[in-house]
Amino acid sequence: GLYHLVEAAIAGHPDARYNLAVDEWENERYDRAVKHFIIAANLGHDDSIQALKEFYKRGLVSKEDFAAALRGHQAAVDATKSPQREAAEEVNAANSP
């Protein structure tokens, strides 16, 4: 239920944070939804940054908030990169049918 979703979001799970944002959006709590999307984007959640991009195009998110979310998203994505991870991805790709 919603309780467990909130607990997971608080614990730092980007998918849970994104799902909370969607729930807030569907219930017309747009300000809260945008805050959840920004937090999820800052955790590297791709669908959240795409949602914020769309909201920015529609004028629903400020340029400053979108720019900050983009920087946070990129930092999170960069933090997951390492030579070891890239080498493992190459091995997996080479061994895929």
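Our structure is the block above this text.
Residues numbered from 1 in each chain as written. Predicted model: local features only at pLDDT ≥ 70, side-chain atom pairs only at ≥ 80, totals over all residues. Heavy atoms only, no water.

### A closer look at helix α4 (residues 46-57)
Stated formally: Helix and strand labels come from DSSP, where a helix needs a run of H or I of at least four residues and a strand needs a run of E of at least two; each type is numbered from the N terminus. Expected span of a helix, by definition, is 1.5 Å for each gap between consecutive residues, and there is one gap fewer than residues. Three labels apply to residues, based on accessible area from a 1.4 Å probe with only protein chains included: buried if under 20% of the type maximum, exposed if over 50%, partly exposed otherwise in between. What the arc measures is the spread of directions leading from the helix axis to the C-beta atoms. A contact between two residues is defined here by any heavy atoms of the two lying within 4.5 Å.
Taking 1.5 Å per residue as the helical rise, α4 with its 12 residues ought to reach 16 Å, and the 17 Å between its terminal C-alpha atoms agrees with that figure. Listed in full, the buried residues belonging to α4 are Ser48, Ile49, Ala51, Leu52 and Phe55. Buried residues in α4, looked at end-on, bunch into an arc of 155°, giving them a common side. Looking at the packing, one finds that the buried side of α4 touches α2 (14-26), α3 (30-42) and α5 (63-79). Two residues or fewer past α4, glycine 59 is found with a positive phi of approximately 80°.

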